[in-house]
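Remarks on the overall topology
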Amino acid sequence: IAIERRYGEWKLDRLPELAAKLVWLEVDVIVAWSTPPARAAKQATSTIPIVAAVMADPVGDELVASLARPGGNVTGTTFLGPELIAKRLGLLKETVPGLSRVAALWHPRAYGEQTMGVVLKETEVAARSLGLQLQLVQAFGPNDFDSAFSAMIRERAGALIVLPSPMLFTEHRRIVDLAVKNRLPAMYQAREFVDAGGLMSYGANLDDLFRRSATYVDKI
């Protein structure tokens, strides 16, 4: 088995070129970590099978027609990104006594426009139903983290929730360090944040999703 690895280093504009090069190499299957590279791969080929691991919303991002009948050349695993946000906020409020204002750190380019719209809407609806004031704080890349946390402290956030994003996940150690430094109890999307010293997480086991993705490649 020959494995060709390509990395975009979170520069999304590089993904189409990297995907096109894999198609030019005539690989037998393309494995994409998360939604952005999967979208680039789908745009590059309609014939080579694509296994996308850890997608947020495969249907909303137009990668598959439906979960039951994906169609096309894309399959893979999802961690149910938008669906779990309300549960995370509820657990965070139960854990932090007297919580009234929560900051949500999000990456605007993490997924497709429609999925990001749903993620933000679910966050706003959940916060409103729990009686929480919500502060949305953007981070386009790791260089934005310091200013993002400064904004949270300036607006007197009482806690933090990190919204789904491959980039934010990869930078989990730095985000946890900043949350601890600024004394912000935080809810995360994956256990890796807690392993790095974060307070709590609720979500799918990402390691298991990657292992399951390997079985899809094997079947193909």
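Residues numbered from 1 in each chain as written. Predicted model: local features only at pLDDT ≥ 70, side-chain atom pairs only at ≥ 80, totals over all residues. Heavy atoms only, no water.

1. Side note on the pattern of salt bridges
- This model, assessed by the stated rule, comprises six salt bridges.
- With a shortest N-O distance of 3.3 Å, Glu-17 and Lys-21 are connected by a salt bridge. One end of the pair is Glu-17 and the other is Lys-21, both in helix α1 (residues 15-24) and four residues apart, which spans about a single turn.
- Assessed through its relative accessible area of 47%, Glu-17 is described here as partly exposed. (Salt bridge = Lys/Arg side-chain N within 4 Å of Asp/Glu carboxyl O. Helix = DSSP H or I, 4+ residues; strand = E, 2+ residues; numbered from the N terminus. Buried < 20%, exposed > 50% of the residue type's maximum accessible area, 1.4 Å probe, protein only.)

2. Digging into the packing of aromatic side chains
- Applying the stated criterion across every chain, the model contains five aromatic pairs.
- Look at Phe-169 and Phe-193: their rings are 6.2 Å apart centre to centre, the planes differ by 65 degrees, and that puts the pair in the edge-to-face class. Within this pair, whereas Phe-169 is found in helix α6 (residues 166-170), its partner Phe-193 is found in helix α8 (residues 191-195), the two being separated by 24 residues in sequence. Both residues of the pair, Phe-169 and Phe-193, belong to the buried class. (Phe/Tyr/Trp six-rings, centres within 6.5 Å; stacked < 30°, edge-to-face > 60°.)

3. Regarding the sheet that holds strand β1 (residues 30-33)
- If you trace the three strands from one edge of the open sheet to the other, you get β1-β2-β3, paired in parallel fashion. Each of the sheet's edge strands pairs with one partner strand only, and the pair in question is β1 and β3 (74-78). Strand-to-strand twist of the sheet, defined as the mean angle between neighbouring strand axes without regard to direction, takes the value 15 degrees.
- Strand direction decides the pairing type here: β1 and strand β2 (residues 50-55), joined by four bridges, are parallel. Bridge pairing in β2 links Val-31 to Val-51.
- The sheet strands contacting helix α9 (residues 206-219) are β1, β2 and β3, and the helix crosses β2 at an angle near 170 degrees. (Pairing = 2+ DSSP bridges. Axes fitted to C-alpha atoms, helices over the stretch in contact; angles between N-to-C directions. Contact = heavy atoms within 4.5 Å.)

4. Quick notes on the environment of Lys-93
- In this structure, Lys-93 sits in helix α3 (residues 85-95).
- Between the C-alpha atoms of Lys-93 and Ile-48, which are 45 residues apart in sequence, the distance is 45 Å.
- Contacts of Lys-93, omitting those with residues within four sequence positions, involve Leu-99, Leu-130 and Leu-132.

5. Overview of unusual backbone geometry
- Despite not being glycine, Glu-26 shows a phi value in the positive range, around 60 degrees.
- If you trace the backbone, Glu-26 turns up in the loop between α1 and β1.
- With a phi angle near 60 degrees, Glu-62 is a residue other than glycine that sits in the positive phi range.
- Position of Glu-62 among the secondary structure elements: in the loop between β2 and β3.

6. Let's talk about the sheet that holds strand β5 (residues 133-138)
- In space, the five strands of this open sheet follow the order β5-β4-β6-β7-β8, with parallel pairing throughout. Each having just a single partner strand, β5 and β8 (200-201) make up the two edges of the open sheet.
- Sheet topology places strand β4 (residues 101-106) next to strand β6 (residues 159-162); four bridges connect them, and they run parallel. Its bridge partner lying in β6, Ala-104 is registered against Ile-161.
- Sheet strands in contact with α3 are β4, β6, β7 (186-188) and β8, and its direction is about 160 degrees off that of β6.
- On the sheet, helix α7 (residues 172-181) packs against β4, β6 and β7 and is oriented at approximately 165 degrees with respect to β7.

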